[in-house]
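# Secondary and tertiary structure notes
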Amino acid sequence: MKVTTDKAIELIRSGDVVAIPTETVYGLAADARNPLAIEKTFRLKGRPQDNPLIIHISKTEQLYDFAADVPKAALKLAEKLWPGPLTIVLKKKVEVLDAITAGLPTVALRMPDHPAALQIIDACGPLTAPSANKSGRPSPTKPDHIVQDYGTAVAWVDGGETDIGIESTVLNLSERPFTILRPGKIGSKEISNLIQEEILTETGKQKLAASPGTRYSHYKPNATVRWLNKNEKPGDKENALYLCHTDNYTNIEMKNVVHFNGNYSQFAMTLYDLFRSADINNFREVVIEIIHDNIENTISSALLNRIEKAVLK
Ligand code: TXA
Ligand code: MG
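So, here is what we can say about the structure in this document.

About the thresholds
Every chain is numbered independently, its residues counted from 1 as its sequence is written. All chains are assigned letters beginning at A, and all ligands numbers beginning at 1, according to the order in which they are written. Local features in this predicted model are restricted to residues whose pLDDT is 70 or higher, and side-chain atom pairs enter the listing and the counts only when it is 80 or higher, whereas totals over whole chains, interfaces and linings include all residues. Only heavy atoms go into the side-chain values, all of them from the structure, while hydrogens and water stay out. Starting at the N terminus, helices and strands are each numbered in turn, a helix being any DSSP run of H or I of at least four residues and a strand any DSSP run of E of at least two. Computation of the radius of gyration draws on C-alpha atoms, with the globule rule given as 2.2 Å multiplied by the number of residues to the power 0.38. Three labels apply to residues, based on accessible area from a 1.4 Å probe with only protein chains included: buried if under 20% of the type maximum, exposed if over 50%, partly exposed otherwise in between. Only four residue types enter the tally: Lys and Arg on the positive side, Asp and Glu on the negative side; His and the chain ends are excluded. Positions of charges follow a simple convention, taking NZ of Lys, CZ of Arg, CG of Asp or CD of Glu. The criterion for strand pairing is that DSSP finds at least two bridges linking the strands in question. The contact definition used throughout considers only heavy atoms, calling two residues in contact when any of these lie within 4.5 Å. Geometry is summarised by axes, namely lines fitted to C-alpha atoms with helices restricted to the contacting stretch, and by angles between N-to-C directions that run from 0 to 180 degrees. Put simply, a salt bridge is a Lys or Arg side-chain nitrogen that is within 4 Å of an Asp or Glu carboxyl oxygen. Ring pairs are drawn from Phe, Tyr and Trp, using the six-membered ring of Trp, whenever the two centres fall within 6.5 Å, and their geometry is named by plane angle: stacked under 30 degrees, edge-to-face over 60, tilted for the rest. Within this scheme, the nonpolar core is defined by two criteria: the residues are buried Ala, Val, Leu, Ile, Met, Phe, Trp, Tyr or Cys, and they are joined through side-chain atoms within 4.5 Å.

With that settled, consider the overall build of the protein. Within the protein one finds eleven helices and 14 strands. Computed over C-alpha atoms, the radius of gyration of the protein comes to 19 Å, within 12% of the 20 Å expected from 2.2 N^0.38 for 313 residues, which places it in the range of a compact globule. Per-residue burial over the protein gives 58% buried out of 313 residues. Taken as two groups, the 37 positive and 38 negative side-chain charges of the protein have centres that lie 3 Å from each other.

See below:
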């Protein structure tokens, strides 16, 4: 059910859970100080208890309510990149609810860049907000997606389509070397330029030190997601939806072939909607032109990460 921001504020204050827009994807918002509301969030999502939640704040000072240690790098990044699609993991204060952090000694915080989200946080205080999908499903980038997963069980604030379409970058600043746990629109280069320190990324150590949420297969439609085979041409199979991002196949104009012509921001904005529409249109497979990791192109690296998770069985 669609609700106004005022109604959302009232619901969250009374301990309910409401889907709200952010600049990345919709989040399932609850009062970060209300254990019952947090419990309801996990129950609604069907989320494993060992996968911690991000706390969403609207003022940088609120970092000190949850983090035991706020390093200079965190303040610098907050100053330059918040509100924005960057989540920062810090050592937590003992009073942060264990249900939020899944018992970890750290807590994840972010300030979303969306007027409705900021207004609701200002009114209700910090909110936990995991992506507003059922666990394992693609994150919602528009209200229809919330209705697909929850029917009338979850109220939502209408923010139209989200701008970025994939989730925030998760950066661990709780220990050195600082490491990106989940790639997103904000990349390691931008971060290391701002704080003048090297940041580890996806490859190398990160794969081992992964964020709890990165252990699970994720972001998946019911259709099988796979990479395009070497000898296969987009459009070959009628019951597959093909997603092409280079201009290698622009000559193929078919209903089941989607082209992005190098526009990775557009690809990221629509990826989850295409996953969901593949199911609605009874496609058996989503077949994606191979993406090569490219540290210069942060959004394509983030896409690669999400698609790899969807490809996982
Ligand atoms: O863009 C986003 O971040 C969206 C919007 C709604 O803000 N939220 C989102 O939340 O994607 P969620 O719960 O779907 O993903 C949170 C990720 C998970 O991979 C989780 O494991 C990780 O953040 N995370 C949360 N707390 C953590 C912690 N203390 N240490 C390491 N990773 C953590
Ligand atoms: Mg999620």
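There is more to say, and it comes next.
The next thing to look at is the sheet that holds strand S8 (residues 155-157). On the basis of which strands lie adjacent, the open sheet formed by ten strands has the order S1-S8-S2-S3-S7-S4-S6-S5-S9-S10 and mixed pairing. Looking along the sheet, the strands with just one partner apiece sit at the ends: strand S1 (2-3) and strand S10 (179-182). Contacts from helix H4 (residues 72-81) reach strand S5 (86-91) and strand S9 (169-172) within the one sheet, and its direction differs from that of S5 by about 160°.

Okay, the pattern of salt bridges next. Tallying each qualifying case throughout the model produces 18 salt bridges. One salt bridge in this structure joins Glu285 and Arg226, with 2.8 Å as the shortest N-O distance. In this pair, Glu285 sits in strand S14 (residues 285-288) while Arg226 sits in strand S11 (residues 224-227), placing the two residues 59 residues apart along the sequence. Taking the relative accessible area as the measure of exposure, Glu285 reaches 12% and is therefore buried. We classify Arg226 as buried; its relative accessible area is 16%. One network of salt bridges, in which partners are shared, links Arg137, Asp149, Arg276 and Asp279.

The sheet built from four strands is open, its strands ordered S11-S14-S12-S13 with parallel pairing. Either end of the sheet is taken by a strand with one partner, and the two such strands are S11 and strand S13 (257-259). Here the average twist between neighbouring strands, direction ignored, is 20°. Inspection of the sheet shows S11 paired to S14 by four bridges, in the parallel sense. Bridge pairing links Arg226 to Val287 in S14. Lying on the sheet, helix H10 (residues 264-280) is in contact with S11, strand S12 (240-244), S13 and S14; it crosses S12 at an angle near 175°. Its contacts with the sheet place helix H11 (residues 298-311) against S11 and S14, and it is angled at close to 125° to S11.

A word on the packing of aromatic side chains. Here the structure, examined in full by the defined rule, presents three aromatic pairs. For the ring pair Tyr272 and Phe275, a centre distance of 6.4 Å and an interplane angle of 50° mean the geometry is tilted. Highlighted residues: Tyr272 and Phe275, both in helix H10, separated by three residues, approximately one helical turn. One exposure class covers both Tyr272 and Phe275, and it is buried. One aromatic cluster is present, formed by Tyr219, Tyr272 and Phe275 through successive ring pairs.

Among the five residues in strand S6 (residues 106-110), five count as buried, and that is most of the element. In terms of strand pairing, strand S4 (residues 54-56) meets S6 through three bridges, oriented parallel. Among the inter-strand pairings, His56 is bridged to a residue of S6, identified as Arg110.

Turning to helix H6 (residues 115-124), its buried residues number three or more, namely Ala116, Ala117, Leu118, Ile120, Ile121 and Cys124. Looking at the packing, one finds that the buried side of H6 touches helix H1 (5-13), strand S2 (18-20), S4, strand S7 (127-128) and S8.

Once that is clear, we can look at unusual backbone geometry. Backbone torsion omega between Trp82 and Pro83 reads -10°, so that peptide bond is classified as cis. By the secondary structure assignment, Pro83 is in the loop between H4 and S5. In the segment running from Arg176 into Pro177, the intervening peptide bond is cis, with an omega of -5°. In this structure, Pro177 sits in the loop between S9 and S10. One non-glycine residue, Asn261, lies in positive phi territory at about 45°. With respect to the helices and strands, the residue Asn261 is situated in the loop between S13 and H10. Of note, the phi angle at Asn282 is positive, near 60°, even though the residue is not glycine. Relative to the helices and strands, Asn282 resides in the loop between H10 and S14.

If you look at the biggest cluster of nonpolar residues, it comprises 33 residues, and the most contacted ones within it are Ile55, Leu77, Trp82, Leu86, Leu109, Leu173 and Ile191. Among the elements of the structure, helix H2 (35-45), helix H3 (63-66), H4, S5, S6 and helix H8 (188-195) are those that each provide at least two residues to this core. Broken down by element, this core gets its largest block of residues, five residues, from H4. Setting aside chain neighbours within four positions, we find Ile191 in contact with Leu77, Leu86, Leu171, Ile180, Ile186 and Ile199. Tyr264, Ala278, Ile288 and Ala302 belong to the second largest nonpolar core, which has 28 residues in total.

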